[in-house]
Amino acid sequence: MASSVEDEALGHLTHVKDIAHEDPAYGQYALKLLQDFHKHRMGKTPAGFGASIKHDGGASVIVKNAANGVAVTDKHRAMRGVEARTPADIKQHFGKHPGYAAALQQLLAHGGELVKPGRTIQGDLLFTPKDKTTARKRGGVVEYTPNRIAYRTKTNAPVGLAAHTEYTDGIAHAISPNALMPTPNVFVPAHDYSRPDPATYTIENRRAAAAHIDAAKELLAQHTTEHLTPDHIAQFTIYNNRSARAAVAPTVEGYMAHLAGERDKAAKKLKTEKAKDRVRAGYNGMIQQVADNPQSFGRSLAIRHHMEQATEHMLTGISHPDLETRVDGKRSPGEGVVLQRQDTNGLMRPVGKLVPMGIQYALGNNPRFARQQPLKESIMWLVKEVKAKLL
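Please read these numbers as outputs of a predicted model, since none were measured by experiment. (Residues numbered from 1 in each chain as written. Predicted model: local features only at pLDDT ≥ 70, side-chain atom pairs only at ≥ 80, totals over all residues. Heavy atoms only, no water.)

A. Structural view of the overall build of the chain. Helix and strand counts for the chain come out as 12 helices and 14 strands. For the C-alpha atoms alone, the extent of the chain along its principal axes is close to 60 × 60 × 40 Å. Considering the chain as a whole, with its 391 residues, one finds that 46% of them fall into the buried category. Contacts in the chain between residues far apart in sequence, at least 24 positions, make up 68% of those at least 6 positions apart. Carbon and sulfur atoms make up 54% of the accessible area of the chain, which amounts to about 20300 Å² in all. (Helix = DSSP H or I, 4+ residues; strand = E, 2+ residues; numbered from the N terminus. Buried < 20%, exposed > 50% of the residue type's maximum accessible area, 1.4 Å probe, protein only. Contact = heavy atoms within 4.5 Å. Areas by Shrake-Rupley, 256 points an atom, 1.4 Å probe, with all protein chains shown as cover.)

B. Representation of unusual backbone geometry in the model. Even without glycine at this site, Asp-169 takes up a positive phi of about 55°. By secondary structure assignment, the location of Asp-169 is in the loop between strand E8 (159–168) and strand E9 (171–173). On the accessibility criterion, Asp-169 (77% relative accessible area) is exposed. Backbone geometry places Asp-328, a non-glycine residue, at a positive phi of 55°. Judged by its relative accessible area of 55%, Asp-328 falls in the exposed class.

C. Seen up close, the nonpolar core. Ranked by internal contacts, the top residues of the largest apolar core, which has 29 residues, are Phe-37, Met-307, Met-314, Val-337, Leu-339 and Leu-354. Discounting chain neighbours no more than four positions away, the residues touching Phe-37 are Phe-49, Ala-51, Tyr-193, Met-314, Leu-315, Ile-318, Val-337, Leu-339 and Leu-354. By size, the runner-up hydrophobic cluster in this structure holds 24 residues, among which are Val-61, Ala-84, Ile-90 and Leu-108. (Core = buried A, V, L, I, M, F, W, Y, C linked by side-chain atoms within 4.5 Å.)

D. Region of the structure containing the pattern of salt bridges. For the structure shown, the criterion picks out 18 salt bridges. Among the salt bridges present, the one from Asp-74 reaches Arg-77, with a minimum N-O distance of 2.6 Å. What makes Asp-74 buried here is its relative accessible area of 5%. Two residues, Lys-137 and Glu-143, come together in a salt bridge whose shortest N-O distance is 3.2 Å. For Lys-137, a relative accessible area of 45% puts it in the partly exposed group. (Salt bridge = Lys/Arg side-chain N within 4 Å of Asp/Glu carboxyl O.)

E. Fine view of the sheet that holds strand E14 (residues 348–354). The three strands lie next to each other as E1-E13-E14, forming an open sheet whose pairing is antiparallel. Single-partner strands in this sheet number two, and they are strand E1 (49–53) and E14. On average, each strand axis in the sheet is tilted by 30° relative to the strand beside it, whichever way the strands run. Bridge analysis of strand E13 (residues 337–342) against E14 gives six bridges, and the strand direction is antiparallel. Across the sheet, Val-338 pairs through a bridge with Lys-353, a residue of E14. Strands in contact with helix H2 (residues 27–41) are E1, E13 and E14; relative to E13, the strand with the most contacts, it is inclined by about 105°. (Pairing = 2+ DSSP bridges. Axes fitted to C-alpha atoms, helices over the stretch in contact; angles between N-to-C directions.)

F. Spotlight on the packing of aromatic side chains. Summed over the entire model, instances satisfying the criterion amount to 10 aromatic pairs. Ring geometry for Phe-37 versus Tyr-193: centroids 6.5 Å apart, planes at 40°, classification tilted. Note that Phe-37 is positioned in helix H2 and Tyr-193 in the loop between strand E10 (186–187) and helix H6 (203–221), a separation of 156 residues in sequence. Phe-37 sits in the buried class, given a relative accessible area of 0%. Taking the centre distance of 5.1 Å and the plane angle of 90° together, the rings of Phe-236 and Tyr-255 count as edge-to-face. Of this pair, Phe-236 sits in helix H7 (residues 230–246) while Tyr-255 sits in helix H8 (residues 252–268), placing them 19 residues apart in sequence. Note on accessibility: Phe-236 and Tyr-255 belong to one class, buried. (Phe/Tyr/Trp six-rings, centres within 6.5 Å; stacked < 30°, edge-to-face > 60°.)

G. Layout of the packing of helix H4 (residues 87–94) against helix H5 (residues 98–114). Two numbers describe how H4 lies on H5: the axes approach to 10 Å, and their chain directions differ by 150°. Relative to H5, the element H4 is oriented roughly antiparallel. H4 and H5 meet at a crossing whose hand is right-handed. Residues Pro-87, Ile-90 and Phe-94 of H4 form the contact with H5, whose participating residues are Tyr-100, Ala-101, Leu-104, Gln-105 and Leu-108. When grouped by side-chain class, the residues that make up the contact of H4 with H5 number seven nonpolar, one polar and no charged. (Parallel < 35°, antiparallel > 145°, perpendicular 65-115°, else oblique. Left-handed = near helix turned anticlockwise from the far one by under 90°. Nonpolar A, V, L, I, M, F, W, Y, C, P; charged D, E, K, R; others polar.)

H. Up close: the confidence of the model for the chain. Mean pLDDT over the chain: 88, with 91% of residues reaching 70 or higher. Contacts from residues 371–391, a stretch scored under 50 in pLDDT, to residues over four places away or in other chains number one contact. (pLDDT = per-residue confidence, 0-100.)

I. Expanded view of the sheet that holds strand E12 (residues 330–331). Sheet architecture is open: five strands sit in the order E5-E6-E7-E11-E12, paired in antiparallel fashion. If you trace the sheet from one side to the other, it starts and ends with strand E5 (134–137) and E12, each paired once. Both strand E7 (residues 149–154) and strand E11 (residues 324–327) contribute to a ladder of four bridges, which runs antiparallel. Paired with Tyr-151 across the strands is Thr-325, a residue of E11.

Put into structure tokens, the structure is as follows:
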């Protein structure tokens, strides 16, 4: 599984704590990112290092201001070469989702005011005039909830876009200082974090972060990655993500139980015993690998733990300059930061993200996207309940 370290098109942004197991060759690279951000927080930014404030919104959209006009699309359709330059184009490509299409119509109308000619910008949609999750109040206050997080800011702009990435010749990089133009019709929250205030990084958090970084460094010095086969990398990531959503600490025993569960689910989907046995054998082999190498898998989890804890301490004290965030009505910390490295062309490329555990948990447990029990299962359950009471 490739991480965002080498992904120039930036299909996804990897948590820094996950780089060491998702892309084993870059374990030391992940450690260096944390070390450099630790220095950055103290006002001692290393050369070729940068950071921006992370801001999640709704759909990830792209605005392109080219010689043949302004075009809008989203991250997934852009990969297929789909662009919309007219309202008719939007209806053709996005018409199955009227609310989304209406939002893109607004973005198309004002995109040329925001993005300078010759530039291509990507960002997350925050709000549009007809967005049902947006409420406008007195004094220009806007409250919007594009995901689990509720945001509050002051603006009279009809459209909100969390611009975060620029593309040049297909390469994703930090937004250039002159790529965007101010316009009263599009609200763009601040995203630059090139000048952090060292006063917000307390001595206690500095010491704690440094201790966890040193612990990860010591573990990496004795770490090998032969146990992280492609199959294990994929399942290890799934297991860690599920553990984060459940707010439980991942363990070697828990990972083995996860593999057993995946084995049973995969076999249940198959019809023939031969196919089931083949799938079971594959997963049983993976479980045996873990049983034979508990220290290696345990060390991978320990490295991730220390990187995660260092992240928590380094992010404490960072707040968004023009947004207030809440989760389930309670004030919440910001969404973290995106770390950047300068490439050989001088572009500051996003290579990893640092996100607070609380925010990761909230986004992973968004009730709006919770699985609903199928109607057939609900009816069968009700029938069983009624029969049980009659008997």
